[in-house]
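The chain contents come next:
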Amino acid sequence: MQLNAASKYLLILGSINMFLAVALGAFGAHALKAGLPPDLMAVYHTGNQYHFYHALGLFAVASAAGFFPGSRFLRWSGAFILAGSSCFRGAFMC
């Protein structure tokens with residue numbers, strides 16, 4: 001499989017998002033656990049899980065874009081996954 005520009009870009013974005021998901025999960029598990037009530041900790045955990053799933057989705061789209069290099073559908077899918085993840089993070093932080 002030859003990586004094209006779209007699959008490389010999506011792979012980089014997926015890697016960054018995966019790093020952030022792991023780092024924010026560790027931050028929540030260690031730094032926030034003592035100061036956050038259990039109900040808000042559950043909300044934080046759910047948000048972190050969705051962030052992780054979005055990162056996995058970006059990896060899946062990057063892999064598929066390597067097999068179908070000219071697919072506009074896959075580029076749009078990656079853009080929508082990234083936009084959804086960004087919107088969710090913005091709403092979660094409020």
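The preceding data block contains the structure.
Below, the structure is looked at part by part. (Residues numbered from 1 in each chain as written. Predicted model: local features only at pLDDT ≥ 70, side-chain atom pairs only at ≥ 80, totals over all residues. Heavy atoms only, no water.)

Let us look at the packing of aromatic side chains. Within the structure shown, the criterion is met by 3 aromatic pairs. Look at Y50 and Y53: their rings are 6.5 Å apart centre to centre, the planes differ by 50 degrees, and that puts the pair in the tilted class. Taken together, the residues Y50 and Y53, both in helix α2 (residues 38–67) and 3 residues apart, mark about one turn of the helix. Of the aromatic side chains, those joined through ring pairs into one cluster are Y50, F52 and Y53. (Phe/Tyr/Trp six-rings, centres within 6.5 Å; stacked < 30°, edge-to-face > 60°. Helix = DSSP H or I, 4+ residues; strand = E, 2+ residues; numbered from the N terminus.)

This part is about the environment of A31. Mapped onto the fold, A31 is located in helix α1 (residues 5–32). In this structure A31 comes out as partly exposed when scored by relative accessible area, which is 46%. Sequence spacing of A31 and C87 is 56 residues, and the spatial spacing of their C-alpha atoms is 24 Å. (Buried < 20%, exposed > 50% of the residue type's maximum accessible area, 1.4 Å probe, protein only.)

Along the polypeptide, F59 turns up in helix α2. Distance from F59 to I12, taken between C-alpha atoms, is 8.9 Å for residues 47 residues apart in sequence.

With that out of the way, let us pick up α1. Taking 1.5 Å as the rise per residue, α1 with 28 residues should run 40 Å; its terminal C-alpha atoms sit 38 Å apart, in good agreement. Along α1, the residues that are buried comprise A6, S7, L10, L13, G14, N17, M18, A21 and G28. (Expected span 1.5 Å × (residues − 1).)

Among the nonpolar cores identified, the biggest contains 7 residues, and these are L10, L13, L58, V61, A62, A65 and L74. Every element with two or more residues in this core is listed here: α1 and α2. The biggest single contributor to this core is α2, with 4 residues. Excluding residues that lie within four positions of it along the chain, L58 makes contacts with L10, L13, G14, N17, G78, I81 and L82. (Core = buried A, V, L, I, M, F, W, Y, C linked by side-chain atoms within 4.5 Å. Contact = heavy atoms within 4.5 Å.)

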